[in-house]
Amino acid sequence: MWLQTVWFVLYVAVIAGYVILDGFDLGVGMLSVFVARDDREQRTLLNSIGPVWDGNEVWLVVAGGALFAAFPLVYAALFSGFYLAMMLVLLVLILRTIAIEFRSKREGRRWRRTWDWFFFASSSGITLLLGVALGNVIRGVALDAGGNMDVSLVDLLNPYSLALGVTAVAMLSLHGGIYLTLKVDGDLLRRVERLVPKLMVVFFVLMTGMVAWTAGLDDEVAGRFRDRAWTLAFPTLALASALGAWRLIRATRYLAAFGASAMMIGLLMATVAAGLYPVMLPSSIDVANDLTIHNASSAEPTLMVMFVFALIGLPFVLLYTAGVYYFFRGRVVLDDGSY
Amino acid sequence: MSAEVLHRIQFGLTISFHFIFPPMSLGLGLVLIIFGVQAVRTDDPKWRRLSMFWTRVYGLVFAMGIATGIVQEFQFGTNWAVYSRYVGNIFGSLLAAEGIFAFMLEGGFLGLMLAGGRRLGNRLWLFATTMVVAGATFSATWIIMANSWMQTPQGYELRDDGHGTQAFMSSFRDVVFTPSFGPRLWHTLVASWMVGTSLVLSVAAYYLLKRRHVQLATTMIRVTLPVFTVLAVLQVTVFGANMATEVATRQPAKLAAMEGVYRTQDCAPMTIVGWTNPAAQTTEGIQVPCLLSLLVGQSTSTTVQGLDDVPRDQWADVPVVFHVYHLMINAGMLFVLIGGVACVLWAWKRKLWEQRWMLRVLVASIVLTQIATLSGWWTAELGRQPWIVWQLLRTSDAFSPNVGVGQVGATVAMFAVLYTVVLGVFLFLLDRIIKAGPPDEPEPEEIDLLPDTWAEAFRHRSRASSGSR
């Protein structure tokens, strides 16, 4: 059914939207303790994401809803199978919200420093955990014939998935760093500008290693790329975007560099998706247990209704998201109502 | 403890905690729209001051709502995997629609709304606020729709395609407009508006008691007290009554548990205060003869179905449902009394501002409305038991079989600790915002400089520099 493929693509698009948008504010959180030297600079960082981080996080909610509706069997298997990991994600999501909201509501060095560390730790934690989860999905999980699995937290933390988590941390730190070059100025800007090329190098090395590891790890994934050679366009274009981002950073054309970074993230997500399609959740026990777009999706009436919803809703979402970003463009100016 | 009980405790804990916040933001949203309309109409800077103050509270409440709401969406999959497979086609699509149509709208415009006090003119600020409130209201609509489907399912067909029985959508229209959707939506929205207005009333009464910000506090009461009182009366006479009639028609076993009716009878009495004993099958207390029959069927001879027509293994926990339900309706009637007396004191020689006892009651009103909405939600959900989807799927068959009891126990403990801390910090910060009071009067010239049309907003030019006015 063509709708199943459409929903697979839409789902990947929503995930990519989440990683690109929430990605930079997570990145700001991960960089915060390294670049901010005083309270004023920390506030500048918080306010650089202040008007938009809530909206960015909504993409995660939409991703959850879309998975529930379009592929309920994947939603049920993944969320219940990764139970403790998912609960940890929820815990750090809540802690992060609280850290952002509560930090500036009170003076006091200790109060603020504490929340700064929460902001840093929760931003890193979310990125790492989601990276680890993606790593496990690529590797395959112990899915039984009933579509259930029980993966303990220790099993989730295998070397490959952890390495992917660390790569995600590097990628979003870079993305957040490039975003900050558009938002801050003064000494803080200079510090960020010095950091970004280093992050780029670290990320590039890690990513190259991950690509090699994945190709060696998984014959199925490599086989899919061989069978559908055109999908090699995704990793190729991702590499081109990364190189483009590097040149633009050297040329200090940061807005374009941010665009290139966003494109690179989107293309990397597309690469993962192309390597899995039509499988959504591979089983490490038996290929017959794989949850695919064909055996795990909702029926046609639901997918059709949802498709119409997406056609109506997404243009509006993109329009006003773009509008809000445009309105809040430019460097951060602190006032008494800021975070 | 069994896995089912632990899963239920966790879900009950997290959804009850979440449900503190959305009614507050829905209700505050209504008040903020009134303030915004007044600001546009009158150009009086006091409305902007009020909006700035309450927007600050809104931001705090909203952040709590989002953080606790994500937990809900994830928990269907983590804790109720069988349920998720069973209803994914239907329930899942309503949740996804909520995301696309409601959350995105809310999340997108929230930044503009929160910054609006310093960055936007009256009209654009009102627009941003209206978009956020529309998002919140859509959100409530889709969620109530999803919940109503669990209470009165229709528009589905059951089939097993190799992954256990699943409910597939046969008519989207029927799924959206289930019989209980309309009554439940209005009942919940009105309740939420009452929570929001009572929050404003309660803070205003506190200021009057402390003799601070007296001018602004009286304005707050002038705006919200009539709204609160009218809603309280309508809730008891129209929206709440509609909901009860709906339950009596579609879920008679639930109504029987709510009222402790064990024997099918006409001229059934309604208990005002009392207690019920399912072992002895008796309900005692202060009762009004035939009132329940009258409410259910507009006639004292209407037959009310009792629990004797329901197999014993399909009974809800009768005493719990009975008590939370009576807590809600008694609170509902108390609100009519509070609103009525306050309005009389206000109209009668303008004495409300000096009646310290009445002001104290108003300060307490936010706690009472919160108790009423929570106990209402508990009535709906506990009264649905033992079903997770009414008469289709039992709660005991719906949880994730692959999640160990120890894991659920650990996360229940985690959420209990986390939410206690979060609630403490939330109340602490709310208290600080209230004690800090409304911001200083903005200069009218400064407001005039803020962008108030799309062109001005996107050029970031003030009116002065673009030459108009």
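No experiment lies behind these values; they were computed from the predicted model shown. (Residues numbered from 1 in each chain as written. Chains lettered and ligands numbered in written order. Predicted model: local features only at pLDDT ≥ 70, side-chain atom pairs only at ≥ 80, totals over all residues. Heavy atoms only, no water.)

A. Layout of the overall build of chain B. For chain B, the count of helices and strands is 16 helices and 8 strands. Since a compact globule built from 469 residues should have a radius of gyration of about 23 Å, the 24 Å found for chain B is in line with a globular shape. Counting only C-alpha atoms and orienting by the principal axes, one finds that chain B spans roughly 75 × 55 × 40 Å. Counting every position in chain B, which comprises 469 residues, the buried fraction comes to 59%. (Helix = DSSP H or I, 4+ residues; strand = E, 2+ residues; numbered from the N terminus. Rg over C-alpha atoms; globule rule 2.2 N^0.38 Å. Buried < 20%, exposed > 50% of the residue type's maximum accessible area, 1.4 Å probe, protein only.)

B. Spotlight on helix α4 (residues 72-81) of chain A. Among the 10 residues in α4(A), 10 count as buried, and that is most of the element. Taken together, the buried positions of α4(A) are occupied by Pro72(A), Leu73(A), Val74(A), Tyr75(A), Ala76(A), Ala77(A), Leu78(A), Phe79(A), Ser80(A) and Gly81(A).

C. Summary view of the confidence of the model for chain B. All names here are of chain B. Mean pLDDT over chain B works out to 88, with 98% of the residues at or above the 70 mark. Mean pLDDT in chain B bottoms out at helix α16 (residues 463-466), which sits at 37, and peaks at helix α7 (residues 181-210), which reaches 94. Low confidence marks residues 461-469, where pLDDT is under 50. Its contacts with residues over four positions away, or in another chain, come to 17 contacts. Here the predicted complex scores 0.90 on pTM and 0.87 on ipTM. (pLDDT = per-residue confidence, 0-100. Contact = heavy atoms within 4.5 Å.)

D. Structural view of the packing of helix α3 (residues 53-70) of chain A against helix α4 (residues 81-119) of chain B. Two numbers describe how α3(A) lies on α4(B): the axes approach to 7 Å, and their chain directions differ by 165 degrees. On the basis of the axis angle, α3(A) is roughly antiparallel to α4(B). Judged by the sense of rotation from one axis to the other, the crossing of α3(A) with α4(B) is left-handed. Along the lines of polarity and charge, the residues of the contact of α3(A) with α4(B) split into 15 nonpolar, 8 polar and 1 charged. (Axes fitted to C-alpha atoms, helices over the stretch in contact; angles between N-to-C directions. Parallel < 35°, antiparallel > 145°, perpendicular 65-115°, else oblique. Left-handed = near helix turned anticlockwise from the far one by under 90°. Nonpolar A, V, L, I, M, F, W, Y, C, P; charged D, E, K, R; others polar.)

E. The arrangement of the pairing of strand β1 (residues 156-160) of chain B in detail. All names here are of chain B. Alignment of β1 against strand β2 (residues 165-169), held across 5 bridges, turns out to be antiparallel. By the bridge assignment, Leu158 is partnered in β2 with Ala167. From the end of β1 to the start of β2, which pair antiparallel, there are 4 residues, and Gly162 there has a positive phi angle of about 105 degrees. (Pairing = 2+ DSSP bridges.)

F. Local environment of the confidence of the model for chain A. Considering every residue of chain A, the mean pLDDT works out to 89; 99% of them sit at 70 or more. Model confidence for chain A, summarised as mean pLDDT per element, is weakest for helix α10 (residues 219-227) of chain A at 84 and strongest for helix α8 (residues 159-183) of chain A at 94.

G. Examining the interface of chain B and chain A more closely. Counting residues at the interface gives 73 residues for chain B and 67 residues for chain A. Of all residues in chain B, Phe74(B), Arg85(B) and Met104(B) bury the most surface against chain A, accounting for 12% of the area lost on that side. Where chain B touches chain A, the interface holds 0 salt bridges. Taken together, the links from chain B to chain A amount to 16 residue pairs in polar contact (both at pLDDT 80 or more). Elements supplying a minimum of two residues to the side of chain B that touches chain A: α3 (45-79), α4, β2, α13 (405-436) and α15 (454-459) of chain B. Of all the elements, α4(B) adds the most residues to the side of chain B that touches chain A, at 27 residues. Of the residues contributing to the side of chain B that touches chain A, the split by class is 44 nonpolar, 22 polar and 7 charged. (Buried area = accessible area lost by both parts, 1.4 Å probe. Salt bridge = Lys/Arg side-chain N within 4 Å of Asp/Glu carboxyl O. Polar contact = N/O pair within 3.5 Å; in protein donor to acceptor, adjacent residues only side chain to side chain.)

H. Quick look at a nonpolar patch on the surface. All names here are of chain A. A cluster of nonpolar side chains, contributed by Met1, Trp2, Met304, Val308, Leu311, Ile312 and Phe316, occupies part of the molecular surface with about 700 Å² of accessible area. Within the element layout of this structure, Trp2 appears in helix α1 (residues 2-35). Note on Trp2: relative accessible area 49%, which makes it partly exposed. (Patch = residues over 30% accessible without salt bridge, like charges linked within 9 Å, V, L, I, M, F, W, Y side chains within 5 Å. Areas by Shrake-Rupley, 256 points an atom, 1.4 Å probe, with all protein chains shown as cover.)

I. Highlighting helix α12 (residues 356-384) of chain B. Over its 29 residues, α12(B) extends 42 Å from the first C-alpha to the last, a length consistent with the 42 Å expected when each residue adds 1.5 Å. At Ser365(B), α12(B) is bent by approximately 40 degrees, the largest bend along its length. (Expected span 1.5 Å × (residues − 1). Bend = angle between axes of the 7 residues up to and from the residue.)

J. Geometry of a positive patch on the surface. A contiguous patch of positive charge, built from Lys210(B), Arg211(B), Arg356(B) and Arg360(B), is present on the exposed surface. Following the sequence through the fold, Arg356(B) ends up in helix α12. (Lys, Arg positive; Asp, Glu negative; His and termini not counted. Charge placed at Lys NZ, Arg CZ, Asp CG, Glu CD.)

K. Region of the structure containing unusual backbone geometry. Residues Tyr277(A) and Pro278(A) are joined by a peptide bond in cis, for which omega reads 5 degrees. Checked against the element boundaries, Pro278(A) lands in the loop between α12 (254-276) and β1 (279-281). In the Ramachandran plot, Thr252(A) falls in the positive-phi region, its phi being about 50 degrees despite a non-glycine side chain. Along the chain, Thr252(A) turns up in the loop between α11 (233-250) and α12. The exposure class of Thr252(A) is partly exposed, given its relative accessible area of 48%. Positive phi values are uncommon outside glycine, yet His213(B) reaches one of about 45 degrees. Positionally, His213(B) belongs in the loop between α7 and α8 (214-250).

L. Focus on the side chain of Thr321(A). For Thr321(A), the location among the structural elements is in helix α13 (residues 300-327). Polar contacts involving the side chain of Thr321(A) include one to the main-chain carbonyl oxygen of Val317(A), which spans 2.5 Å.

M. The arrangement of the state of the cysteines in detail. Residues and elements named next belong to chain B. Counted under the stated rule, the structure contains 1 disulfide over all chains. The residue that forms a disulfide with Cys267 is Cys290, at a sulfur-sulfur distance of 1.5 Å. Placement of Cys267 in the loop between β3 (265-266) and β4 (270-277) and of Cys290 in the loop between β5 (282-288) and α10 (291-297) is noted, with a sequence separation of 23 residues between them. With a relative accessible area of 33%, Cys267 lands in the partly exposed category. (Disulfide = S-S within 2.5 Å.)

N. Main features of the pattern of salt bridges. All names here are of chain A. Counted under the stated rule, the structure contains 16 salt bridges over all chains. Residue Arg191 pairs with Glu41 through a salt bridge whose shortest N-O separation is 2.8 Å. Here Arg191, found in helix α9 (residues 186-217), pairs with Glu41, found in helix α2 (residues 39-49); they are 150 residues apart in sequence, far enough to count as distant. In this pair, the class of Arg191 matches that of Glu41, namely buried. With a shortest N-O distance of 3.4 Å, Asp116 and Arg113 are connected by a salt bridge. Taken as a pair, Asp116 and Arg113 lie in helix α6 (residues 109-139) at a separation of 3 residues, close to a single helical turn. Assessed through its relative accessible area of 2%, Asp116 is described here as buried. Taken together, the shared-partner salt bridges connect Asp39, Arg103, Glu107, Arg112, Arg113 and Asp116 into one network.

O. Region of the structure containing the pairing of β4(B). Residues and elements named next belong to chain B. Taken together, the 7 bridges between β4 and β5 define a ladder with antiparallel strand orientation. Paired with Val273 across the strands is Ile286, a residue of β5. Between the antiparallel neighbours β4 and β5 lie 4 residues, among them Gln281 with a positive phi of about 55 degrees.

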